[in-house]
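Next come the chains, spelled out residue by residue.
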Amino acid sequence: MKKLVLNTVALTFTVSLLASAAATAASRDMISVVGSSTVYPFSTVVAERFGKKTQFNTPKIESTGTGGGMKLFCAGNGIDTPDMSNASRRMKKSEYEMCVENGVTDITEVLIGYDGIVVANSNAAPQMKLSRKDLFLALAKEVPALDGSETLIKNPYKTWKDVNPSLPATKIEVLGPPPTSGTRDAFAELVMEGGCKQYPWIKAIKKTDKSAYKTICHSVREDHAYIEAGENDNLIIQKIDANPDAMGIFGFSFLDQNTDKIQGSFIDGTAPSFDAIADGSYPVSRPLFFYVKNSHVDKVPGIAEYLAEFTSESAMGQMGYLTDKGLIPLGDEKFAEVSADVKSYKALQL
């Protein structure tokens, strides 16, 4: 009889533990956000203000890179998956299809503003004046042959002067984001491809073989001239500040917050600045987003309120506090459209 009582107690205890674990898995009292390292500082500022001014917990913001964030976000609808994913480019069709395949079908896309991609170096070094063609020749895995023939060769350039005689004879050493980063995707499309297609014979390949064209224009050299520095843009800034010969690639907001240490290069004759990105004269700018899993809105406390804070005039507006962090705001008409989409949880369709 005593043994039976002990077994019953043990069984009850086990069931209680399982029930507690199930309850924990079924609920969460903190918003979970993953994704872009570029959007991370903006999300963090909003999260901190949100945590201080409301009764909700401060959201957990993780910098996983845009691609890494999409994988986590699209893994399913379970409460153990993130509620939102930041992105420094628009969600790809393949990522949307991955979401749909895993049952994540109700998503709202939120355009928060714009950002520029900068190529920067230490204030202790001369400010660089580069073209997108210079950057393509410096960083591409294969480049047009030196004899002018319409063939590709393994990148032979060692210094910036090798690329362009007007540039310094400094070793090419560029620290940048990995393939999982939205900044890397945007840099490849806006900068590398922008320089690559200045060769008419390469540009013509796009009409007959888009895959080959993309491989030529987007592939980055692997001989340590380009160094993948992870998703931590602040680490890139620390490294180029310590090494005046090195250059780094990251979002304008990080430059804007560190002008005492680093400077942005001119690209095709224009220096990166808030106004130049806003008016479109700086050639390397891109939109920034985050994505919301609408099925979580009623499951995790505070999501609706966090969205209201992020998309408020005081945060994202022309004079909002996010502009102090380097975000280039939306125009009034676009801002009103985004606000309306968020309030209605407009479903994304790609």
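Residues numbered from 1 in each chain as written. Predicted model: local features only at pLDDT ≥ 70, side-chain atom pairs only at ≥ 80, totals over all residues. Heavy atoms only, no water.

Chemist: Is there a simple way to think about the overall build of the protein in this case?
Modeler: A tally of regular secondary structure across the protein gives 15 helices and 13 strands. Dimensions of the protein, computed from C-alpha atoms along their principal axes, come out at roughly 95 × 50 × 45 Å. The 350 residues of the protein split such that 50% are buried. Carbon and sulfur atoms make up 54% of the accessible area of the protein, which totals about 16600 Å². Distance between charge centroids for the protein: 4 Å, based on 37 positive and 42 negative side chains. (Helix = DSSP H or I, 4+ residues; strand = E, 2+ residues; numbered from the N terminus. Buried < 20%, exposed > 50% of the residue type's maximum accessible area, 1.4 Å probe, protein only. Areas by Shrake-Rupley, 256 points an atom, 1.4 Å probe, with all protein chains shown as cover. Lys, Arg positive; Asp, Glu negative; His and termini not counted. Charge placed at Lys NZ, Arg CZ, Asp CG, Glu CD.)

Chemist: Help me understand the packing of aromatic side chains, please; the structure alone is not making it clear to me.
Modeler: By convention here, two paired aromatic rings are described through the distance between centres and the angle between planes. In the structure shown here, the tally under the stated rule is 6 aromatic pairs. Their ring planes at 85° and their centres at 5.6 Å tell us that Phe 50 and Tyr 306 sit as a pair that is edge-to-face. You can see Phe 50 sitting in helix H2 (residues 40–53) and its partner Tyr 306 sitting in helix H13 (residues 303–310), a full 256 residues away along the chain. In terms of burial, Phe 50 and Tyr 306 fall into one category: buried. One aromatic cluster is present, built from ring pairs that chain together Phe 50, Phe 56, Phe 290, Tyr 306 and Phe 310. For the cation-ring pair, Lys 129 lies above Phe 266, with the distance from its terminal atom to the ring centre recorded as 5.3 Å. (Phe/Tyr/Trp six-rings, centres within 6.5 Å; stacked < 30°, edge-to-face > 60°. Lys NZ or Arg CZ within 6 Å of the ring centre and 35° of its normal.)

Chemist: Would you mind showing me how to read the environment of Gly 35 here?
Modeler: Residue placement: Gly 35 occurs in strand E1 (residues 32–35). With a relative accessible area of 0%, Gly 35 lands in the buried category. Once the C-alpha coordinates of Gly 35 and Pro 177 are considered, the two residues, 142 residues apart in sequence, prove to be 13 Å apart. Apart from the residues lying within four places of it in its own chain, the contact partners of Gly 35 are Glu 62, Ser 63, Thr 64, Gly 65, Thr 66, Gly 69, Ser 85 and Asn 86. (Contact = heavy atoms within 4.5 Å.)

Chemist: I tried to follow the pattern of salt bridges on my own but got confused; where do I start?
Modeler: Pairing between side chains becomes possible if they bear opposite charge and their charged atoms approach one another. The tally for this structure, following the rule as stated, stands at 14 salt bridges. Residues Arg 89 and Asp 185 are paired through a salt bridge, measuring 2.7 Å at the closest nitrogen-oxygen approach. On the criterion of sequence distance, the pair formed by Arg 89 in the loop between strand E3 (84–87) and helix H4 (93–101) and Asp 185 in helix H7 (residues 182–196) is long-range, its members being 96 residues apart. Judged by its relative accessible area of 10%, Arg 89 falls in the buried class. (Salt bridge = Lys/Arg side-chain N within 4 Å of Asp/Glu carboxyl O.)

Chemist: Where do I start with the state of the cysteines in this structure?
Modeler: Working definition of a disulfide: a covalent bond connecting the sulfur atoms of two cysteines. Taken as a whole and judged by the stated rule, the model has 2 disulfides. Disulfide partner of Cys 74: Cys 99, at an S-S distance of 1.9 Å. Since a negative S-S torsion denotes a left-handed disulfide, the Cys 74-Cys 99 link at about -70° is left-handed. Pair noted here: Cys 74 is in the loop between helix H3 (66–73) and E3 and Cys 99 is in helix H4, with a separation of 25 residues, a long-range link. Cys 74 gets classed as buried once you look at its relative accessible area, which sits at 0%. Covalently, Cys 196 is tied to Cys 217 through a disulfide, its sulfur atoms 2.1 Å apart. Classification of the bridge connecting Cys 196 and Cys 217 rests on its S-S torsion, roughly -60°, and on that basis the disulfide is left-handed. Taken together, the residues Cys 196 in helix H7 and Cys 217 in helix H9 (residues 210–218) connect sequence positions 21 residues apart. In this pair, the class of Cys 196 matches that of Cys 217, namely buried. (Disulfide = S-S within 2.5 Å.)

Chemist: Which parts of the structure should I look at to understand the nonpolar core?
Modeler: Soluble globular proteins: nonpolar side chains tend toward being buried together. Counting residues in hydrophobic clusters, the biggest one holds 53 residues, and the most contacted among them are Leu 130, Leu 139, Trp 160, Ile 172 and Phe 250. Excluding residues that lie within four positions of it along the chain, Leu 130 makes contacts with Val 119, Leu 135, Trp 160, Leu 167, Met 247, Ser 265, Phe 266, Ile 267, Asp 268 and Gly 269. Judged by nonpolar contacts, the second largest core, of 45 residues, contains Met 84, Ile 112, Met 316 and Val 342. (Core = buried A, V, L, I, M, F, W, Y, C linked by side-chain atoms within 4.5 Å.)

Honestly, that's just the spatial picture; any functional story needs more than this.
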